[in-house]
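# Coordinates in review
What follows is the residue order along each chain.
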Amino acid sequence: MYIDQHNGVDMGVDLKDIIPGEAKTVIEDLRILHGKIIVIDGYNALYQFLAAIRQPDGTPLMDNNGRITSHLSGLFYRTINIVEAGIKPVYVFDGKPPELKAREIERRKAVKEEAAKKYEEAVQSGDLELARRYAMMSAKLTEEMVRDAKSLLDAMGIPWVQAPAEGEAQAAYIVKKGDAYASASQDYDSLLFGSPKLVRNLTISGRRKLPRKNEYVEVKPELIELDKLLVQLGITLENLIDIGILLGTDYNPDGFEGIGPKKALQLVKAYGGIEKIPKPILKSPIEVDVIAIKKYFLQPQVTDNYRIEWHTPDPDAVKRILVDEHDFSIDRVSTALERYVKAFKENIRGEQKGLSKWFSKPK
DNA sequence: CCGTCTCA
DNA sequence: TGAGACGGG
């Protein structure tokens, strides 16, 4: 497994400032996506849960053996809400990261180790808020956590796809093929991989605390449509990839000196491609093979070896994982499972309560 | 993050 | 009925 490639906080390419309003739709009610298959970036979701589900001092939820369970709690309850909204979820998990990412993975590892040290210091000094921040930054997803998450999804009857490399690339491929309606992630990378539709803020809920402030803002899911984005900016997908590379991607995280969203768009439009921009204009802190990066976004490693099928939930198997293995409360899990099984029948199996009576044979 | 409880 | 506090594992 290749766990260290994410840091869970801010990763990937930051396209937020170049996405035109016309390409975005705020999803006021999740039920707008009723009946739609959504491919969720599993690592991205698990990291969000791992970072967010903590006590004020940064301690995550743990079972009686001291094993972290925040990711399972988040995955369980959030998946139930998604199914209750009528969405058909499928998760995709990262495989082996491409060689291009090696440097970034090393960098993230160093950042995490530093954050872990700072966390210890903050705990010692009794600064709870600081401790929580560093705990979130140092959150690490282990192989065991990912295995547990996959087992839980199996027990819930939710399909997951093992990507050969980048999960975002595989998600984009599945949407492009028409096997799903949209990809879901906090990151914009799947757009560069050509996903026609991206849903952000699906695995986080309505209210989010502003960092370092005692205020909350409403966070609503939003749909970003690639074709509208390209038309509005008057560019091609290749141009968008170029813009991403200029701003910085996982494969060249520092981007290029002095180039922000506006300049990136202007340069790409003016020259027609990153490789045609005069070298003196492009100053990078490190040597970057822009052609290789571009090629990777256009032809990432993906697979057709997946099946998107929902299976009847197995409540006993869910209880074995959550209650027996990880000390969740039997009452809470049972209540949630009842809701889930009902929603699954109605929304994924398409069975309606009392429908049989309409179709029953007249006597 | 989530569900649950309290209280206006 | 809904915002806010709280505990979950």
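Residues numbered from 1 in each chain as written. Chains lettered and ligands numbered in written order. Predicted model: local features only at pLDDT ≥ 70, side-chain atom pairs only at ≥ 80, totals over all residues. Heavy atoms only, no water.

### Structural notes on the environment of glutamate 168
- Residue placement: glutamate 168 occurs in helix α6 (residues 167–177).
- Linking glutamate 168 and aspartate 187, residues 19 residues apart in sequence, is a C-alpha distance of 8.7 Å.
- With residues near it in sequence (within four places) discarded, glutamate 168 still touches Asp41, Asp94, Ser185, Asp187, Asp189, Ser190 and Phe193. (Helix = DSSP H or I, 4+ residues; strand = E, 2+ residues; numbered from the N terminus. Contact = heavy atoms within 4.5 Å.)

### Quick notes on empty space enclosed by the protein
- Evaluation of the coordinates by the stated rule reveals two cavities of 30 Å³ or more.
- Lining the second largest cavity are Ile40, Asp41, Asn44, Ala45, Ala184, Ser185, Gln186, Leu202 and Thr203.
- Along the lines of polarity and charge, the residues of the lining of the second largest cavity split into four nonpolar, four polar and one charged. (1 Å grid on protein atoms, 1.4 Å probe; cavity = no way out; pocket = protein on both sides within 12 Å on 5 of 7 lines; lining within 4 Å. Points joined across faces, edges and corners; volume = space filled by probe spheres on them. Nonpolar A, V, L, I, M, F, W, Y, C, P; charged D, E, K, R; others polar.)

### Focus: the protein's contact with DNA strand C
- If you check the shell around DNA strand C, you find 13 residues, and the closest are Pro60, Met62, Thr69, His326 and Ser329.
- Restricting attention to atoms of DNA strand C within 4 Å of the protein, one finds that 52% of them are sugar or phosphate atoms.
- Contacts to DNA strand C include proline 60, whose backbone N or O atom sits 2.5 Å from a base nitrogen.
- Contact between DNA strand C and histidine 326: a sugar or linking oxygen at 2.8 Å from a main-chain N or O atom of the residue.
- Taken together, the residues of the surface near DNA strand C break down into five nonpolar, five polar and three charged. (Near = heavy atom within 4 Å. Polar contact = N/O pair within 3.5 Å; in protein donor to acceptor, adjacent residues only side chain to side chain.)

### Here we look at the pairing of strand β6 (residues 197–200)
- Sheet analysis places strand β5 (residues 182–184) next to β6, joined by two bridges and oriented parallel. Across the sheet, serine 183 pairs through a bridge with leucine 198, a residue of β6.
- Pairing analysis gives four bridges linking β6 to strand β9 (residues 222–225), with the strands arranged antiparallel. What sits directly across from lysine 197, in β9, is glutamate 225. (Pairing = 2+ DSSP bridges.)

### Considering the layout of surface pockets
- Considered as a void within the structure, the second largest pocket measures approximately 230 Å³ in volume.
- Around the second largest pocket, the lining comprises 13 residues; the ones closest to its centre are Phe256, Lys279, Glu287, Val288 and Val290.
- By residue class, the composition of the lining of the second largest pocket is eight nonpolar, one polar and four charged.

### Some points on the domain arrangement of chain A
- For chain A, the domain assignment lists domain 1 (1–233) and domain 2 (234–299).
- One C-alpha centre belongs to domain 1, the other to domain 2, and the line joining them spans 25 Å.
- Contact with domain 1, which involves 27 residues of that partner, is made by 23 residues of domain 2.
- Around 2100 Å² of area is buried between domain 1 and domain 2 when both sides are counted, 69% of it from carbon and sulfur atoms.
- Its largest share of buried area at the contact with domain 2, domain 1 owes to Leu100, Leu192 and Leu233, together 32% of the area lost on that side.
- Summed over the shared surface of domain 1 and domain 2, the number is two salt bridges.
- Counting the contacts that link domain 1 with domain 2 gives seven residue pairs in polar contact (both at pLDDT 80 or more).
- Listed by contribution, the elements that provide at least two residues to the side of domain 1 that touches domain 2 are α3 (102–125), α7 (189–192) and α8 (226–233).
- The dominant element in the side of domain 1 that touches domain 2, judged by the number of residues it contributes, is α8, at six residues. (Domains from an automatic or database assignment. Buried area = accessible area lost by both parts, 1.4 Å probe. Salt bridge = Lys/Arg side-chain N within 4 Å of Asp/Glu carboxyl O.)

### Things to note about α3
- In a regular helix each residue adds 1.5 Å, so 24 residues correspond to 34 Å; α3 covers 35 Å between its end C-alpha atoms and thus fits that length.
- When we look at burial in α3, the residues that qualify are Glu104, Ile105, Arg108, Lys112, Ala115, Tyr119 and Ala122.
- Buried residues along α3 sit against α1 (42–52) and α4 (128–137).
- At the exit of α3 stands glycine 126, carrying a positive phi of roughly 80°. (Expected span 1.5 Å × (residues − 1). Buried < 20%, exposed > 50% of the residue type's maximum accessible area, 1.4 Å probe, protein only.)

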